[in-house]
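# Results of the structural survey
Residues per chain, in single letters:
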Amino acid sequence: MSDSVSDCTEPRRSAVTEAEVEALVRGICFKTGPPRFLGVELEWLVHESRSPRLPVPPERLEAAYAALRALPLSSALTVEPGGQLELSSAPAASLMECVGSVSADLDAVRAVLREADLALSGLGQDPWNPPTRFLHDPRYDAMETYLDRTGPEGRAMMCTSASVQVCLDAGYEEPGPLGHGRRWWLAHQLGAVLVAAFANSPMACGQPTGWRSTRQSLWAAMDPGRTSAPPLDGDPRTAWARHVLDAPVMCVRAPSGPWDVPEGLSFRAWTRSDAPPDREDLDYHQTTLFPPVRPRGHLELRMIDAQSGESGWIVPLAVTAALFDDAEAAETAYRTVKPLAERAGSLPAPRNPLWTAAARAGLTDPELREAAVTCFAAAADALPRIGASPEVQEAVAEFTDRYVARGRCPADDILDHADGTDHLFNGTDLRSTEHLLPGKDIRT
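Presented here is an overview of the structure given in this document. Please read all numbers here as calculations on a predicted model, not as lab measurements.

## So, the overall build of the chain
Check the secondary structure of the chain and you find 17 helices and nine strands. In summary, the chain has a C-alpha radius of gyration of 21 Å against a globular reference of 22 Å for 444 residues, a match within 12%. Its C-alpha atoms put the chain at 60 × 50 × 40 Å along the principal axes. Residues counted as buried form 57% of the 444 residues belonging to the chain. For the chain, the accessible area works out to roughly 17000 Å², and carbon and sulfur atoms hold 53% of it. Counting 42 positive and 62 negative side-chain charges, the chain places the centres of these two groups 2 Å from one another.

## A word on unusual backbone geometry
For the peptide bond that leads from Ala 349 to Pro 350, omega is 5°, which places it in the cis range. Mapped onto the elements of the fold, Pro 350 is located in the loop between α13 (327–344) and α14 (353–361). Its identity as a non-glycine residue notwithstanding, Asp 117 has a phi of 60°, on the positive side. Within the fold, Asp 117 resides in the loop between α3 (95–115) and β4 (118–121). Given the relative accessible area of 32%, Asp 117 is considered partly exposed. In the Ramachandran plot, Cys 205 falls in the positive-phi region, its phi being about 50° despite a non-glycine side chain. In this fold, Cys 205 is placed in the loop between β6 (203–204) and β7 (207–208).

## Examining the environment of Leu 68
Mapped onto the elements, Leu 68 comes out in helix α2 (residues 58–69). Contact partners of Leu 68, with chain neighbours within four places excluded, come to Leu 77, Leu 85, Val 109, Val 112 and Leu 113.

## Observations concerning the pattern of salt bridges
Using the criterion set out here, one finds 30 salt bridges in the structure. Among the salt bridges present, the one from Arg 133 reaches Asp 141, with a minimum N-O distance of 2.7 Å. Judged by relative accessible area, Arg 133 falls into the buried class, the value being 14%. A salt bridge links Arg 294 to Glu 300; the shortest N-O distance between them is 3.0 Å. Each member of the pair, Arg 294 together with Glu 300, is buried.

## Regarding the packing of aromatic side chains
All told, the structure shown has 10 aromatic pairs when counted by the stated rule. Ring centres 6.1 Å apart and planes at 10° place the aromatic pair Phe 376 and Phe 399 in the stacked group. Placement of Phe 376 in helix α15 (residues 366–382) and of Phe 399 in helix α16 (residues 390–402) is noted, with a sequence separation of 23 residues between them. Residue Phe 376 shares its accessibility class with Phe 399, and that shared class is buried. Where Phe 399 meets Tyr 403, the ring centres are 4.8 Å apart and the plane angle is 55°; that geometry is what we call tilted. Assigned by exposure class, Phe 399 and Tyr 403 land together as buried. One aromatic cluster is present, formed by Phe 198, Phe 376, Phe 399 and Tyr 403 through successive ring pairs.

Rules and cut-offs
- Residues numbered from 1 in each chain as written.
- Predicted model: local features only at pLDDT ≥ 70, side-chain atom pairs only at ≥ 80, totals over all residues.
- Heavy atoms only, no water.
- Helix = DSSP H or I, 4+ residues; strand = E, 2+ residues; numbered from the N terminus.
- Rg over C-alpha atoms; globule rule 2.2 N^0.38 Å.
- Buried < 20%, exposed > 50% of the residue type's maximum accessible area, 1.4 Å probe, protein only.
- Areas by Shrake-Rupley, 256 points an atom, 1.4 Å probe, with all protein chains shown as cover.
- Lys, Arg positive; Asp, Glu negative; His and termini not counted.
- Charge placed at Lys NZ, Arg CZ, Asp CG, Glu CD.
- Contact = heavy atoms within 4.5 Å.
- Salt bridge = Lys/Arg side-chain N within 4 Å of Asp/Glu carboxyl O.
- Phe/Tyr/Trp six-rings, centres within 6.5 Å; stacked < 30°, edge-to-face > 60°.

Pasting the structure below:
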């Protein structure tokens, strides 16, 4: 979710017209060509090593992050509003290159955090603590003001959620299983299966929430103009350009002082005003849109909960890469999820019945379970073809056996150990979740 954009400190540039906005968005957000690169963005909750339920004091977080910023990492390191840590990989030429570089960065990060008696947790939602903002700057002040207008979910999203975001090339210009139109459609239908299979956030403030993915339920409850997908029944470029223009403006940046948070102002209306936006305003506006699939030249899949275990994040990365970048697996996935589109109906993700069922029921939903079984099998067949190591293949197989084949997801393990009070895992600390994935190193 964190998009690093500098404050508005330079002289104002030339205003952009409505037509220019549409042309810019169409030209930038879907850069087509053979799928060559892969990336991942990992968000983590940071907690006390000895008492993971206790919030980390801000001064300790600040000191730890200062030390982390001095590390020579391949990934970009940023901090989320609630103090969550994010690592964003550089574009990698293969799955194993991505796994290797991010794993090395995580080893370095964890070593620094251990010195400060801190640790990382892979959960989609903080199971114990209410939202508390760590970062206080104009961007997040404005975001909080805007999101508070529609309910408390925005603050929880900002401060207590974490995800695995997989970044894929947009695909070929021409039709076919690797074409950009097919990949765009597939990302939104297969996205529900990924939500269900990797749901890992059934708790908040010490209580079960009724959702396998509480994190996904937050996105669905927020402002639909900001978090919904555009219609999928037309050209992706046209649909996304219209979506950008019609989306509400979150804030108008200022060189000093608080940023203005307008009400009811779309970007299209802003371009028609007496003080229209410039190119930097357009770029910034797009970083404030949070649909489940965001085109940024590549496709950013944002629907997967953070995963438990030091290497748990590798499984959704490997499965997603296999289902999108291997033509045979992509065709199987497309045919498998096509019947689910009827269930999704006309409502956009993440608010349609299919996505709601995925977030609430996980793989206890029979149709999602059946689709997941087929898609994970296709991914397993494709992994050797995309160069996955035997260890990565084994990790995907073990996740499939433990969860997918049984109609379960990681959230079900948490619920099995929740007693319905404010005690999670019957009093054991979060480190006990390391058993949820194989303890062996699967990075080689």
